[in-house]
Amino acid sequence: MLRDFSVQSLFMGLLVAFVGFASSFSVILQGLEGAGASHAQSASGLMALSIGMGLCGIIISAVTRMPVSIAWSTPGAALLATSGALPGGFNAAVGAFMIAAALIILAGLLKPVGRAISAIPAPLANAMLAGVLLALCFAPVEAVKVSPLLALPIVATWVIVGAFNRLLAVPAAFLAFVAVLIFGVDADAEAWSGVFRNAFAAPVWVTPHFSLQGAVSMALPLFIVTMASQNIPGVAILNINNYRPSAGRMFSATGLATLFITPFGGHGVNLAAITAAMCAGTDAHPDPKRRYWSAIIAGIGYIVLGLFSGLVVALVSLAPPVLIEAVAGLALIGAFGGAILGAFKEPEAREAAAITFLVVASGVGFLGISGAFWGLLAGLLVHGIKGWAAQRARAREGRV
């Protein structure tokens, strides 16, 4: 195994860890706090997610000898940020996280469950994700309106760096955020000393609370978003690069890893999509059989970054909330664009996708259940009726 190690894979793995963490940690924090987590619980959740995806990526890649990149569920965190806290607070959210993890394990073990998720039309799954992301993607505009002197350098950095290297755009925006925080935000010496006192996050145990509302309103949408937006594309990217993993086993492995970290505030880890392409591509190593080291190095990097998640949370707490939301929004613009394209590229599914998108984006829930569930349900209903009508029309034409 050590004979397969290379400097090229080392640098790619370090880049993957930096990009994967810096590009979306702000979304994770916003999602956990939106679900009712305190600062200490958010730091614990970020640490649990980082260590969980690091260990999971190391073990799967070492066992399979494939570059299997593991990530936290960024779309899932965006869902949490827009769904709002459940009755019962963060304990109820953690219960929902555990239910979603159990569903992912079942999806890997039971073929009918996996097939049912795969049967959800891709335009509707993308429309649901786009509806979830829309409000968050407005944040950079709102930040420029509220505080242009602080927000414009962050947005400008994202635009300029993204013009040359799309993967480094959000990490560069984060570095610009740190510079704005140091030079543009007034914080006394005591506040800065508190940042370094809290450099290491302490694990915080959260006893899960289970409820039907949490299962339907949060767990089920979290499960669908994670499977449709992360796990299934993650397998597809590996296949594109001529790797043939056992998808079911990997789904179950990520679900099991999630189950272990949920009591410490982590909402979910899954197969990566964007960073999977980095680890599985030729830039990781010319020899496909040696690329798995890039995923192993990335896993080690995630663990190290997770240990310092307390520093990240303490640093972020010094900034105006609108700036945090702006960084999170910039991190999600690419995902939003991809989801919109996937939602509306098929003409026959556009009406159902539009219904799904509008219901989810409205943020309106019914019976205590979030709009993500109702939007998908409405889209499936419209899609089913249109399909039934088209089938009847074809049958009439056949009889003529």
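Residues numbered from 1 in each chain as written. Predicted model: local features only at pLDDT ≥ 70, side-chain atom pairs only at ≥ 80, totals over all residues. Heavy atoms only, no water.

**Some details on the overall build of the chain**
Scanning the chain from terminus to terminus reveals 19 helices and two strands. Residues classed as buried in the chain amount to 52% of the 400 residues present. For the chain, long-range pairs separated by at least 24 residues make up 82% of all intrachain contacts whose partners lie at least 6 apart in sequence. For the chain, the exposed area adds up to about 17400 Å²; of that, 70% sits on carbon and sulfur atoms. (Helix = DSSP H or I, 4+ residues; strand = E, 2+ residues; numbered from the N terminus. Buried < 20%, exposed > 50% of the residue type's maximum accessible area, 1.4 Å probe, protein only. Contact = heavy atoms within 4.5 Å. Areas by Shrake-Rupley, 256 points an atom, 1.4 Å probe, with all protein chains shown as cover.)

**Description of helix H13 (residues 247-261)**
Given 3.6 residues per turn, any residue in an α-helix points the same way as the ones three and four places further on. With 15 residues, H13 ought to run about 21 Å at 1.5 Å a step, and its terminal C-alpha atoms sit 22 Å apart, in line with that. All buried positions along H13 are accounted for by Met250, Phe251, Ser252, Thr254, Gly255, Ala257, Thr258 and Ile261. (Expected span 1.5 Å × (residues − 1).)

**What to know about the packing of aromatic side chains**
Counted by the stated rule, this structure contains seven aromatic pairs. Ring geometry for Phe21 against Phe25: centres 5.8 Å apart, planes inclined by 15°, an arrangement best described as stacked. No difference in accessibility class separates Phe21 from Phe25, as the two residues are buried. Taken together, a centroid distance of 5.5 Å and an interplanar angle of 85° make the contact between Trp205 and Phe264 edge-to-face. On the criterion of sequence distance, the pair formed by Trp205 in the loop between helix H11 (189-197) and helix H12 (212-240) and Phe264 in the loop between H13 and strand E2 (269-271) is long-range, its members being 59 residues apart. Note on Trp205: relative accessible area 54%, which makes it exposed. On the accessibility criterion, Phe264 (28% relative accessible area) is partly exposed. Cluster of aromatic residues (ring-pair linked, three or more members): Phe5, Tyr292 and Trp293. (Phe/Tyr/Trp six-rings, centres within 6.5 Å; stacked < 30°, edge-to-face > 60°.)

**Thoughts on the nonpolar core**
Of all hydrophobic cores here, the largest spans 102 residues; its most connected members are Leu46, Phe90, Phe97, Ile154 and Phe177. Ranked by residues supplied to this core, first place goes to helix H7 (residues 122-137) with ten residues. For Leu46, the contacting residues outside a window of four places in its chain are Phe21, Phe25, Ile28, Leu29, Leu32, Trp72, Ser309, Val312 and Val313. (Core = buried A, V, L, I, M, F, W, Y, C linked by side-chain atoms within 4.5 Å.)

**What about unusual backbone geometry?**
Backbone geometry at Arg65 places phi at a positive 55°, although glycine is not the residue there. Relative to the elements of secondary structure, Arg65 occurs in the loop between helix H3 (39-64) and strand E1 (70-72). On the basis of relative accessibility, which here comes to 39%, the residue Arg65 falls in the partly exposed class.

**Points about the pattern of salt bridges**
Tallying each qualifying case throughout the model produces one salt bridge. One salt bridge in this structure joins Glu351 and Lys386, with 3.6 Å as the shortest N-O distance. Linking Glu351 in helix H18 (residues 350-362) with Lys386 in helix H19 (residues 371-399), this pair joins segments that are 35 residues apart in sequence. Of the residues examined, Lys386 reaches a relative accessible area of 35% and is grouped as partly exposed. (Salt bridge = Lys/Arg side-chain N within 4 Å of Asp/Glu carboxyl O.)

**Describing the environment of Ser147**
By the secondary structure assignment, Ser147 is in the loop between helix H8 (139-146) and helix H9 (148-164). Expressed as a C-alpha distance, the spacing of Ser147 and Pro320, which sit 173 residues apart in the sequence, is 9.4 Å.

**Examining a nonpolar patch on the surface**
A surface patch of nonpolar side chains, about 310 Å² in accessible area, is lined by Leu15, Phe18, Leu168 and Leu175. By secondary structure assignment, the location of Leu175 is in helix H10 (residues 169-184). (Patch = residues over 30% accessible without salt bridge, like charges linked within 9 Å, V, L, I, M, F, W, Y side chains within 5 Å.)

**Points about the packing of helix H5 (residues 89-109) against H13**
Remark: H5 packs on H13, axes separated minimally by 7 Å, with the N-to-C direction vectors making an angle of 160°. Taken together, the axes of H5 and H13 lie roughly antiparallel to each other. Where H5 crosses over H13, the two elements pack in a sense that is left-handed. Every residue of H13 that contacts H5 at Met98, Ala101, Ile104, Ile105, Gly108 and Leu109 is listed here: Gly248, Phe251, Ser252, Thr254, Gly255, Leu256, Thr258 and Leu259. Classifying every residue of the contact of H5 with H13 by side-chain character gives eight nonpolar, six polar and no charged. (Axes fitted to C-alpha atoms, helices over the stretch in contact; angles between N-to-C directions. Parallel < 35°, antiparallel > 145°, perpendicular 65-115°, else oblique. Left-handed = near helix turned anticlockwise from the far one by under 90°. Nonpolar A, V, L, I, M, F, W, Y, C, P; charged D, E, K, R; others polar.)

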